[in-house]
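Listed below are the residues making up each chain.
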Amino acid sequence: MHHITAEMPDSFNLVLMGDTHEGAAAQHRSGLLETIAYIHDTPNTFGAHLGDWLEAITVDDKRYTVEETTEPIPLMQAYGAADAFRPIKDKMLAALWGNHEKTLQKYGNLVQHVICRELGIPYGGYLAKVELRHKGRQMFRLLLWHGSGSLTSKAKDPEQRRANKLAALKLKLYPLAADCAVMAMGHIHRLLTAAPSRELYLYTGGQGKVKQAYTDKSVRQVGEYLNPHQRWYCSTGSFLRGYVDGIDTYASVKGYPPVELGYCLLRVEDTKIVGLDEVVV
């Protein structure tokens, strides 16, 4: 696990994004550039990339096809990704690497040794804990993980499928850290968010009378343990289209269902988390 600390304003937006797959013909380039422009142009807006910056499939890999690739050399993909993110290099809090880059680790770490060095972005490895501070005082921590595996559900109802996937997402993330108010992963190319649960509870108030109240979304970063049901969770989506005219993409060959492309937007006001949105681009 890597540890990163960042000094932040008391109110800000944080774009949690990843799986941009530089060099892939199916990359949603216009959406990626739109997101970079949003971070660049919007005051107090920052970003973190959760890995799979690159397609990183070499010409001698059995997965390689000419039609799915715009740049076949992973090193050049890394420089291309660095060029794309250069306008917001000072607003990026962390850069993780993903399973695509990891397959080429015998040649070096293209995220750490090229992208992070080119842009000066803090390197977060595959799993990073990021502590956000304001005027030297801790606000809250984030757990950023590139991720692994998948989220599946065979439920017939779409709302139940989504609920099942959110439950599976929480089960994947919450054991990885007890002290993080926000837990995010990439890899699965799904846009999913879950706010802290609002639950009714009873307690004994003054004069021994039973009272009721609700848990809320005002997660307070106190101590070393946060109730798993009182954290924010997300899967950060992707910028890789599954279906492209004239191309037999990996998703179309496997028959994967379509997915929304985009990122998650964490909104903080007066040092408190007020929202975690799914943004489709």
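For the structure itself, consult the block above.
Attention in this report is confined to the structure presented alongside it. (Residues numbered from 1 in each chain as written. Predicted model: local features only at pLDDT ≥ 70, side-chain atom pairs only at ≥ 80, totals over all residues. Heavy atoms only, no water.)

Observations concerning the overall build of the chain
Here is step 1: Each helix and strand in the chain was counted, giving six helices and 14 strands.
Here is step 2: A compact globule built from 281 residues would reach a C-alpha radius of gyration of about 19 Å, and the chain, at 20 Å, matches this within 12%.
Here is step 3: Judged by the C-alpha coordinates and their principal axes, the chain covers about 75 × 50 × 35 Å.
Here is step 4: In the chain, once contacts between residues fewer than 6 apart in sequence are set aside, the share between residues at least 24 apart is 74%.
Here is step 5: Surface accessibility of the chain: about 13,800 Å² in total, with carbon and sulfur atoms responsible for 51%.
Here is step 6: Distance between charge centroids for the chain: 9 Å, based on 32 positive and 31 negative side chains. (Helix = DSSP H or I, 4+ residues; strand = E, 2+ residues; numbered from the N terminus. Rg over C-alpha atoms; globule rule 2.2 N^0.38 Å. Contact = heavy atoms within 4.5 Å. Areas by Shrake-Rupley, 256 points an atom, 1.4 Å probe, with all protein chains shown as cover. Lys, Arg positive; Asp, Glu negative; His and termini not counted. Charge placed at Lys NZ, Arg CZ, Asp CG, Glu CD.)

What about the sheet that holds strand β13 (residues 262–269)?
Here is step 1: Strand order in this open sheet of six strands is β5-β4-β3-β2-β13-β14, and the pairing throughout is mixed. If you trace the sheet from one side to the other, it starts and ends with β5 (123–125) and β14 (272–280), each paired once. Averaged over all neighbouring strand pairs, the angle between strand axes comes to 20°, with direction disregarded.
Here is step 2: Bridge analysis of strand β3 (residues 45–49) against strand β4 (residues 92–96) gives three bridges, and the strand direction is parallel. Residue pairing in the sheet places A48 in a bridge with A94 of β4. (Pairing = 2+ DSSP bridges. Axes fitted to C-alpha atoms, helices over the stretch in contact; angles between N-to-C directions.)

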